[in-house]
Amino acid sequence: MPLNRARVIASALVVSTLAFAAGLANAGGVVGPTETDTIGVFNATTRTFFFRNSNDAGVADIVVSFGPAGSVPAIGDFDANGTTTIGVYSATLGEFFLKNTNTSGAANLRFRFGPINSTLPSLIGNWDGVSGDTIGLYSPVNGRFLLRNSNTAGLPDVETPFGPKNASPALVPLVGNWSGGDSIDGIGLYNPATGLFVLKDDPTTGGVADFSFTFGAGGQGYIPVVGNWDDDDTDNIGVYDPATRTFFLRTTNAGGVADIVVRYGPTNLTPVAGNYDGN
Ligand SMILES: [Ca+2]
Ligand SMILES: [Ca+2]
Ligand SMILES: [Ca+2]
Ligand SMILES: [Ca+2]
């Protein structure tokens, strides 16, 4: 089984006006056999998640509304039972709202982390390899990942420097188990201007990236996504084009053409990915 679940960290909804560059193959999508991460979208206006249990076109398998106005997705496997469930981060409140089922209702976990009226993108990942996914924040100004190993209020357990400080344009933080072999999620950064992904396996130490490659054209408003699309033990990357509601997914952490191309949902939503059905 895959050693980890996927998360999507893109907090900002970026609008693209250009279609994806030619050259990406295998349109139509591929459905993984088991334990596969699959696509979803989040409507920020209504705070509604639309999860699909296969990486192909079709209607949502799970529709659930959750979270206060202004929230961004913060989904994960918080109870370590193999299923990805809903969660949101409210930058205004500086609070995470996490739930262990994909059903509406009150959060199972609600707590403060970081500043109120925050400008920091939120993160969800398994930083210590035990007890499921927990929270974090990325500080663009300091170029640091602020990671906490429990879903409770408190200070970061780890502050990891990775990537430049104050990059312009702002880099988008990523979380994924890039190399497998354990259940620890690594960190990463995506440059929306160039399409450069830089990925690091160890989330707790600074240093050079383990993977560095470009995927997809830069400057098109694409939003990165992370998931285990092919049911091996590694998470891989992809990009979502909000203008054409298209996911371009890659099953290796290297440059090249998309292995899976799926159009899903309305245009201009926020992409997410996870193992919603535990299969
Ligand atoms: Ca779960
Ligand atoms: Ca953990
Ligand atoms: Ca994979
Ligand atoms: Ca699945």
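Not measured: the values here are computed from a predicted model.

Cut-off values and rules
Residues numbered from 1 in each chain as written. Chains lettered and ligands numbered in written order. Predicted model: local features only at pLDDT ≥ 70, side-chain atom pairs only at ≥ 80, totals over all residues. Helix = DSSP H or I, 4+ residues; strand = E, 2+ residues; numbered from the N terminus. Contact = placed C-beta atoms within 7 Å. Pairing = 2+ DSSP bridges. pLDDT = per-residue confidence, 0-100. Axes fitted to C-alpha atoms, helices over the stretch in contact; angles between N-to-C directions. Buried ≥ 20, exposed ≤ 12 C-beta atoms within 10 Å, placed from the backbone.

Let us look at the overall build of the chain. The helix and strand inventory of the chain stands at zero helices and 20 strands. Taking the contacts inside the chain whose residues are at least 6 apart along the sequence as the reference set, 53% of them involve residues at least 24 apart.

Moving on, we come to the sheet that holds strand 4 (residues 72–73). Across the sheet, four strands lie side by side as 4-5-6-7; this open sheet has antiparallel pairing. Edge strands, defined here as strands with exactly one partner in the open sheet, are strand 4 and strand 7 (109–112).

What follows concerns the confidence of the model for the chain. Summing up the model confidence of the chain, the mean pLDDT is 90 and the portion of residues at 70 or higher is 88%. Segment residues 1–33: pLDDT under 50, and 112 contacts once partners within four positions in sequence are set aside and those in other chains are kept.

Overall, antiparallel pairing links the four strands, which are arranged 3-2-1-20 in an open sheet. At either margin of the open sheet sits one strand with a lone partner, and together these are strand 3 (62–65) and strand 20 (270–274). Within this sheet the neighbouring strands show an average axis-to-axis angle of 25 degrees, counted without direction. Bridge count for strand 2 (residues 48–51) against strand 3 is four bridges, and the pairing is antiparallel. Considered in strand 3, the bridge of F49 is made with V64.

Inspection of the secondary structure assignment puts G114 in the loop between strand 7 and strand 8 (122–125). G114 sits in the buried class, given 21 other C-beta atoms within 10 Å. Separated by 32 residues in sequence, G114 and L146 have C-alpha atoms that sit 9.0 Å apart.

The subject of this paragraph is the environment of P242. You can see P242 is positioned in the loop between strand 17 (236–241) and strand 18 (246–249). For P242, a count of 23 C-beta atoms within 10 Å gives the class buried. Linking P242 and P266, residues 24 residues apart in sequence, is a C-alpha distance of 8.6 Å.

Another point: unusual backbone geometry. Note: most peptide bonds trans; most residues except glycine with negative phi. The linkage connecting S168 with the following residue, P169, adopts the cis geometry, with an omega of 0 degrees. The backbone of D231 shows a phi angle near 65 degrees, a positive value even though the residue is not glycine. Relative to the elements of secondary structure, D231 occurs in the loop between strand 16 (223–227) and strand 17.

Bringing the environment of R110 into the picture now. Its location among the elements puts R110 in strand 7. Among the residues examined, R110 registers 16 C-beta atoms within 10 Å and is labelled partly exposed. Distance from R110 to E95, taken between C-alpha atoms, is 6.8 Å for residues 15 residues apart in sequence.

The next subject is the pairing of strand 16. In terms of burial, strand 16 is largely enclosed, as five of its five residues are buried. Residues I223, V225 and G227 of strand 16 are buried on one face, and the alternating residues P224 and V226, pointing to the opposite face, are buried as well. Bridge count for strand 16 against strand 17 is five bridges, and the pairing is antiparallel. Each bridged residue has a counterpart across the sheet, and for V225 the counterpart in strand 17 is G238.

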